[in-house]
Each structure stands twice: as structure tokens, then as C-alpha cells.
Amino acid sequence: MQARFRRQKRRDTAPELALRRLLHRRGLRYLVDARPLPELRRRADLVFPAARIAVFVDGCFWHRCPEHGTEPRHNAEWWKDKLARNVTRDRETDRSLLDAGWLPLRFWEHQPSADAADVVAAAWAARRPGRCSGGQRRSQASSRVTVSKTAPAVDGPEALT
Ligand SMILES: [Zn+2]
């Protein structure tokens, strides 16, 4: 269990693959492990350039999930520091994206993929081009998405084909 959390796998984690599969099935197309903003040296797990949505599936250990985040006892100081830096970096990334008119969406790896897919699909449907011809739309949405069981159902977007 611990070993699984410790391995800092950058992409293609199981929860990420599950989310990708669900979104693809709904007709959403995206870039994988890409930079939302070329000038920002940060990658998102999924990027929707036209809708300007960056999706992150955060590992519970590496990003300090309140439910599963742990601090190793061995080298405790080093780990504390390292994990705190990860979290700070996440917040900075979110801020930069919001400033640039993007919507960062973060999910914990422990969240059900179907719930995450609902949130992404709803955001995508609301932000995709063609719906509204406004210019820079800034979102004040909180970056950490809390998925509740009572989240409204989302109509699946029509397939692109
Ligand atoms: Zn967790």
C-alpha cells in the first residue's frame, strides 16, 4: 500500500486512465500530460485547450490528501518539506491558470472517476467555444472540486464525430 503511494508516477496512473476512458466515451477530446500554458512550466494530466480547462488527478500521498496523506517517519523533516512544497506548487499553478482565464480542476486519486468525469464534462459543456462569444472569461471557481453524491446529473455532450 505505502509503496504504491510513494511511487511518484507522473502520468498514466490508474485513476487518471479511468477518467480519460470515461471522458473519451462521452466524446470529449483532450491532450494528455501537457502544458496548459506554454510559458508556464507545469503540466496537467488532461488539457482541454479550446475550453481552457486543465485537469489534475492528484495522488493522495504526493499532494497531501486530507484523508490519506501521511508523513513518513523516516527522514520526517525532508518529507514534510517536500510535500509542503508540492502543495504550494499546486496552489501557484492554480493561481497562474486562473489569472490566464483557465479553469483548473483538481481531483484526488481516491475520488470515484465517474464523479470526476461528471464535473469535467459539465465544465467543458459550459466553457467550450461557440456557446458564448465573450472574450477572456475569468472563473472564480475554487480549484479543489468537492464531488458530492448529490451532484446534478450532467447531460452527456454530443460526440464529436
Ligand atoms: Zn485520498
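Conventions adopted
Residues numbered from 1 in each chain as written. Predicted model: local features only at pLDDT ≥ 70, side-chain atom pairs only at ≥ 80, totals over all residues. UniProt positions renumbered as here; feature names shortened; annotations may be inferred. Buried ≥ 20, exposed ≤ 12 C-beta atoms within 10 Å, placed from the backbone. Helix = DSSP H or I, 4+ residues; strand = E, 2+ residues; numbered from the N terminus. Pairing = 2+ DSSP bridges. Right-handed = clockwise from strand over helix to strand, strands pointing away.

Under an unreviewed UniProt entry, the name given to the protein is DNA mismatch endonuclease Vsr, and the organism recorded is Vallicoccus soli. UniProt annotates the protein under Sequence similarities (unreviewed entry) with the comment "Belongs to the Vsr family."

Even after reading the chapter, I still don't get the pairing of strand 3 (residues 53-58), so can you show me in this structure?
Residues in a regular strand point their side chains to alternate faces of the sheet. Most of strand 3 sits inside the fold, with six of its six residues counted as buried. What you see with strand 3 is no split at all: I53, V55 and V57 on one side and A54, F56 and D58 on the other are buried throughout. Pairing geometry for strand 2 (residues 44-48) and strand 3, over three bridges, is antiparallel. Looking at strand 3, one finds that F48 is bridged to I53. The antiparallel pairing of strand 2 with strand 3 creates a hairpin that spans four residues between the two strands, and R52 there sits at a positive phi of about 55°. Pairing of strand 3 with strand 4 (residues 103-108) involves six bridges; the strand directions are parallel. Bridge pairing in strand 4 places I53 opposite L103. Crossover handedness for the path strand 3 to helix 3 (residues 76-99) to strand 4: right-handed.

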